[in-house]
Amino acid sequence: MTGFPRARTSVVGASTFGVGECPGFNALEMTAQAGYLALDDAGIGLEEVDGLFVALPDDYLGGLAVAEYLGIQPKITDNNRTGGSSFLCHAIHAALALDAGLIDVALIAYGSNQRTASGGLVSALRSSVHELAHKPMMPVGGYALAASRHMHDFGTSREDLAHVALSARAWANLNPEAFRQGELTLDDILGARMISTPLTSRDCCLVTDGAAAVVMTRADRAKDTRAPIPLLGGAQTVTHKEIAAMPDLTVTGASITGPAAIKQAGIAPADVDCVQLYDAFTINTILFLEDLGFCPKGEGGRFVTSGAIAPGGSLPVNTNGGGLSCCHPGMYGLFTMVEAVRQLRGEAGARQLSSPEIAISHGNGGVLSSQATLVFGTQATA
């Protein structure tokens, strides 16, 4: 059998740890704590983990460090780094390895103490000599270019961008784990300090601590766990590294990965009950909603301004508050997976949707460089 192993693997454990500020823990310790919690959630022992998938923010040999810290000897250790999309790529690789029988239990984990350790954003992006001459402020400068182009081509406004942040805050106010809560107005966003035109500080993601983990196994093993969430589809791509090499500033690789993952899952965009995506900047949400197929190209700004993605809207997006209001510990991708799982399990508390059956998790890495899309379902959709 070829192709993606639809519903032949499932997420059986999911957790977060230390979201917001986590003083006294380093990235490795936070990663391990999230891993322990996810395994407890799955009811699976640490000794059963034989696939380890990590991308620590401060250790390029993090897979070795985490294996040593946990005291395990995994058959497969994957350190693939594509930025914030890494963990969704890990889930695809884990699904393939599980389905092939190479491993039995996969642990995908990440942690960062970026806020308490540095007090500011620490990016792995390094500009080449071609970009350095222009003294770019990366990554925000790259996303500002994309936002400016989208505004020029399609009439998207700063108010449209602001509505992405407003929707994220409305969801965060329903999530006790969210780092930023409270009233946020359109004027607050439009009047905030300009970072890189047209993006203000309120158009940019948080800088927080935080860790997350998920546990995956095959469907035959998953049926014995308390709340398995089948992985129905997954796709990934890389279109460039530097923003200057992006083929089209208004079209991301999500236009490739979204349709591919949705086709694998055997669904249509209209079947999706919620979308958890990588909103490092407000323009991301607009670009990804268009490219994933939820609204026509150029209509993303008007779509979000209509209230469609906010609580009570037709397409709930980033129901935990996203990277704009919940957390963003350097790389956010794994948190999109955890929130998708929590929604499909009915474990999201005050922000819980009514009986969702299909959730999309979408990750972004670099400056719109790497995109990865996962489609999760329930037992009823498997």
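Naming follows an unreviewed UniProt entry, where the protein chain appears as 3-ketoacyl-CoA thiolase of Palleronia abyssalis.

Split by domain assignment, the protein chain resolves into domain 1 (9–119 + 209–229) and domain 2 (138–200 + 233–381). If you average the C-alpha positions of domain 1 and of domain 2, the two centres end up 23 Å apart. The interface of domain 1 with domain 2 comprises 38 residues on the first partner and 35 residues on the second. Summing both partners gives a buried area of about 2,800 Å² for domain 1 against domain 2, and 70% of it is carried by carbon and sulfur. Taken as a group, Val19, Leu88 and Ile229 account for 23% of the area that domain 1 buries against domain 2, more than any other trio of residues on that side. Summed over the shared surface of domain 1 and domain 2, the result is two salt bridges. Here domain 1 and domain 2 share 15 residue pairs in polar contact (both at pLDDT 80 or more) between them. Mapped by element, the contributors of at least two residues to the side of domain 1 that touches domain 2 are strand 1 (9–20), helix 3 (86–99), strand 4 (105–112), helix 4 (114–118) and strand 7 (209–218). Ranked by residue count, the leading element in the side of domain 1 that touches domain 2 is strand 1, at eight residues.

A few words now on helix 11 (residues 282–291). The buried count for helix 11 comes to ten of ten residues, which makes it a mostly enclosed element. Those residues of helix 11 that fall on the buried side of the exposure criterion are Thr282, Ile283, Asn284, Thr285, Ile286, Leu287, Phe288, Leu289, Glu290 and Asp291. Count one or two residues on from helix 11 and you reach Gly293, which has phi positive near 100°.

Below, the discussion takes up empty space enclosed by the protein. If you walk through the whole model with that rule in mind, you get three cavities of 30 Å³ or more. The wall of the second largest cavity is formed by Thr16, Val19, Asn175, Glu177, Asn320, Cys326, Cys327, Phe335, Val338, Glu339, Arg342 and Arg351. Contributions of two or more residues to the lining of the second largest cavity are made by strand 1 and helix 14 (333–345). Among the elements that make up the lining of the second largest cavity, the one with the highest residue count is helix 14 (four residues). Split into classes, the residues belonging to the lining of the second largest cavity amount to five nonpolar, three polar and four charged.

This part is about the packing of helix 3 against helix 14. Relative orientation of the contacting elements helix 3 and helix 14 amounts to 60°, with a least axis distance of 6 Å. Overall, the two elements helix 3 and helix 14 adopt an arrangement that is oblique. Mapping the contact onto sequence places Phe87, Leu88 and Ala91 in helix 3 and Gly333, Leu334, Thr336 and Met337 in helix 14. The residue inventory of the contact of helix 3 with helix 14, partitioned by class, reads five nonpolar, two polar and no charged.

Attention now goes to the layout of surface pockets. As a volume, the second largest pocket reaches approximately 540 Å³. Elements that contribute at least two residues to the lining of the second largest pocket include exactly helix 7 (158–172) and helix 13 (322–326). Taken together, the residues of the lining of the second largest pocket break down into 14 nonpolar, two polar and five charged.

Before going further, it helps to examine the environment of Thr116. Note that Thr116 resides in helix 4. For the pair Thr116 and Thr208, spaced 92 residues apart in the sequence, the C-alpha separation amounts to 7.8 Å. For Thr116, the contacting residues outside a window of four places in its chain are Glu21, Cys22, Pro23 and Asp209. At 2.9 Å, the side chain of Thr116 and the side chain of Asp209 are in polar contact.

Here the bond from Thr197 into Pro198 is cis, since omega is 15°, no more than 30 degrees from zero. Of note, Pro198 is situated in the loop between strand 5 (194–196) and strand 6 (199–200). Of note, the phi angle at Ala7 is positive, near 60°, even though the residue is not glycine. Along the chain, Ala7 falls in the segment before strand 1. Exposure remark for Ala7: the relative accessible area of 14% places this residue in the buried category. At Ser355, a position not held by glycine, the phi torsion is positive, near 50°. Among the structural elements, Ser355 can be located in the loop between helix 14 and strand 10 (358–365). Of the residues examined, Ser355 reaches a relative accessible area of 63% and is grouped as exposed.

Quick look at helix 10 (residues 254–265) now. The terminal C-alpha atoms of helix 10, which comprises twelve residues, lie 16 Å apart, in line with the 16 Å expected from a rise of 1.5 Å per residue. Residues of helix 10 that are buried sit in contact with strand 8 (229–238), helix 11, strand 10 and strand 11 (370–377). Immediately downstream of helix 10, the backbone of Gly266 shows phi near 75°, a positive value.

Residues annotated in UniProt with the feature "domain: Thiolase C-terminal" (unreviewed entry) correspond here to residues 235–378. Secondary structure within residues 235–378 divides into 32% helix and 17% strand; the distance between the first and last C-alpha atoms comes to 19 Å.

Ile108, Met216, Val275, Leu289, Met337, Val375 and Phe376 are the most contacted members of the largest nonpolar core, which totals 96 residues. With nine residues, the top contributor of residues to this core is helix 3. In terms of domain composition, this core takes at least three residues from each of domain 1 (9–119 + 209–229) and domain 2 (138–200 + 233–381). Beyond its immediate sequence surroundings of up to four residues, Met337 is in contact with Phe87, Leu88, Ala91, Ile108, Val214, Ser361, Leu374 and Phe376. Counting 25 residues, the second-largest nonpolar core is a separate cluster that includes Ala42, Val66, Val105 and Ala213.

About the criteria used
- Residues numbered from 1 in each chain as written.
- Predicted model: local features only at pLDDT ≥ 70, side-chain atom pairs only at ≥ 80, totals over all residues.
- Heavy atoms only, no water.
- Domains from an automatic or database assignment.
- Contact = heavy atoms within 4.5 Å.
- Buried area = accessible area lost by both parts, 1.4 Å probe.
- Salt bridge = Lys/Arg side-chain N within 4 Å of Asp/Glu carboxyl O.
- Polar contact = N/O pair within 3.5 Å; in protein donor to acceptor, adjacent residues only side chain to side chain.
- Helix = DSSP H or I, 4+ residues; strand = E, 2+ residues; numbered from the N terminus.
- Buried < 20%, exposed > 50% of the residue type's maximum accessible area, 1.4 Å probe, protein only.
- 1 Å grid on protein atoms, 1.4 Å probe; cavity = no way out; pocket = protein on both sides within 12 Å on 5 of 7 lines; lining within 4 Å.
- Points joined across faces, edges and corners; volume = space filled by probe spheres on them.
- Nonpolar A, V, L, I, M, F, W, Y, C, P; charged D, E, K, R; others polar.
- Axes fitted to C-alpha atoms, helices over the stretch in contact; angles between N-to-C directions.
- Parallel < 35°, antiparallel > 145°, perpendicular 65-115°, else oblique.
- Expected span 1.5 Å × (residues − 1).
- UniProt positions renumbered as here; feature names shortened; annotations may be inferred.
- Core = buried A, V, L, I, M, F, W, Y, C linked by side-chain atoms within 4.5 Å.

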